[in-house]
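# Coordinates in review
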Amino acid sequence: MEELFEKLKISPKNLTLYNTAVSHSSYANEHKAKKDYERLEFLGDAVVDLVVADYLYRYEKETEGEMTKVRASYVCENALYRYSMDMGFNNYIKVGHGEENSGGKYKKAIVADIFEAIMGAIYLDLGYETVRRVILDIVVPYIQNPNIVFFEDYKSALQQAVQTTRQSVIYEVVKEEGPAHDKTFTIEAKVDGIIYGKGVGSSKKDAEQIAAKDALEKLAKN
């Protein structure tokens, strides 16, 4: 991982953290390893959220509501996947044989998780200031590029669309498939009990957004 450390401009102290950060549960199970990246990913998720929120507060002029939408765009799964792929993080992912055969090193959910896990490792190993610098070095160029859009808040748009007619929107999980580390969710968006949209995603949040987008497209045709 020396090449990666050079790219991130860091000098790690605890290499075990980084090895854990790139170890998927399928690899850990296969090699009887004690740890996979999930705990580091949990921590990294919070760190990335904080760094991006802090940047937006300090350097951008949006309102609280606008900042919430912008932050969501740059910490969503699509964005994390793009950062991870562009940095080449997927080249270091360790997965089990079955997961590798099914393209695990390129699955959006896994590749996005690895970004957060590595940030969690940097935070624990080298502290907040270092991980803040690393995250901003990676993320800010995307924020400053108006041609890059990772995320549209279709749920908010759908809610606004139906509020004009005083209708309500609910999201219902109708199918949940796959093992714990690689689930797929199917969710229906219902407007006053009528199914308007359906979405399938690797997380409930993503599936809800896809369902909301589908519902908006159908509403637009009515």
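Now for a quick tour of the structure. (Residues numbered from 1 in each chain as written. Predicted model: local features only at pLDDT ≥ 70, side-chain atom pairs only at ≥ 80, totals over all residues. Heavy atoms only, no water.)

## Describing the environment of E176
Definition in use: Secondary structure elements are defined from DSSP: runs of H or I of at least 4 residues count as helices, runs of E of at least 2 residues count as strands, and each element is numbered from the N terminus. Think of it in three bands: residues with accessible area under 20% of the maximum for their type are buried, residues over 50% are exposed, and the middle band is partly exposed, with areas taken using a 1.4 Å probe on protein chains only. Contact between two residues is taken to exist if any of their heavy atoms lie within 4.5 Å; hydrogens are not considered. Counting of polar contacts relies on pairs of N or O atoms within 3.5 Å, with two restrictions inside protein: one atom must be capable of donating a hydrogen and the other of accepting it, and residues adjacent in sequence are counted only when both atoms are side-chain atoms.
In this fold, E176 is placed in strand β1 (residues 169-177). Of the residues examined, E176 reaches a relative accessible area of 45% and is grouped as partly exposed. Measuring from C-alpha to C-alpha, the distance between E176 and Y18 comes to 31 Å, with 158 residues separating the pair along the chain. Not counting residues within four places of it along the chain, the set of residues in contact with E176 comprises K183, T184 and F185. Within the structure, the side chain of E176 is placed 3.4 Å from the side chain of K183, a separation counted as a polar contact.

## Remarks on the sheet that holds β1
Selection rule: By definition, two strands form a pair when at least two bridges between them are found by DSSP. Angles here are taken between N-to-C directions and fall from 0 to 180 degrees, while the axes themselves are lines fitted to C-alpha atoms, restricted in helices to the stretch in contact.
Judged by pairing direction, the sheet is antiparallel, and its three strands sit side by side in the order β1-β2-β3 without closing on themselves. Only two strands of the sheet have a single neighbouring strand rather than two, namely β1 and β3 (194-201). Averaged over all neighbouring strand pairs, the angle between strand axes comes to 20°, with direction disregarded. With eight bridges joining them, β1 and strand β2 (residues 184-191) adopt antiparallel strand pairing. Residue pairing for β2: I170 is matched across the bridge by K190.

## Considering the packing of helix α6 (residues 77-87) against helix α8 (residues 108-126)
Let me state the cut-off plainly: These descriptions rest on fixed angle ranges, namely under 35 degrees for roughly parallel, over 145 for roughly antiparallel, 65 to 115 for roughly perpendicular, and the rest for oblique. Residue type decides the class: Asp, Glu, Lys and Arg count as charged, Ala, Val, Leu, Ile, Met, Phe, Trp, Tyr, Cys and Pro as nonpolar, and the leftover types, Gly among them, as polar.
Remark: α6 packs on α8, axes separated minimally by 8 Å, with the N-to-C direction vectors making an angle of 75°. If you check the angle between α6 and α8, you find them roughly perpendicular. Contacts between α6 and α8 involve E77, N78, L80, Y81, Y83, S84 and M85 from the former and K108, A109, V111, A112, I114, F115 and E116 from the latter. Of the residues in the contact of α6 with α8, the class split is nine nonpolar, two polar and three charged.

## Notes on the pattern of salt bridges
Short version of the rule: Any Lys or Arg side-chain nitrogen located within 4 Å of an Asp or Glu carboxyl oxygen qualifies as a salt bridge.
For the structure on display, the rule yields eight salt bridges. Residues D214 and K218 are paired through a salt bridge, measuring 3.2 Å at the closest nitrogen-oxygen approach. With D214 and K218 both in helix α11 (residues 204-221), this residue pair falls four residues apart, about one helical turn. The class for K218 is partly exposed, based on a relative accessible area of 39%. By sharing partners, the salt bridges in this structure join D54, R58 and R132 into a single network.

## Regarding the packing of aromatic side chains
Filter applied, for reference: Pairing of aromatic rings covers Phe, Tyr and the six-membered ring of Trp, with a centre-to-centre limit of 6.5 Å; geometry is then stacked below 30 degrees between planes, edge-to-face above 60, and tilted otherwise.
Taken as a whole, this structure holds five aromatic pairs when the rule is applied. Here the aromatic rings of F5 and Y18 are separated by 5.2 Å at their centres, their planes lie at 70°, and the arrangement is edge-to-face. Here Y18 lies in helix α2 (residues 15-21) and F5 lies in helix α1 (residues 2-8), a separation of 13 residues in the sequence. Here the two residues F5 and Y18 agree in accessibility, since each one is buried. Arranged with centres 5.4 Å apart and planes meeting at 55°, the rings of Y83 and F115 form a pair that is tilted. Here F115 lies in helix α8 and Y83 lies in helix α6, a separation of 32 residues in the sequence. Its relative accessible area of 0% is what places Y83 among the buried residues. We classify F115 as buried; its relative accessible area is 0%. Of the aromatic side chains, those joined through ring pairs into one cluster are Y83, F89, F115 and Y142.

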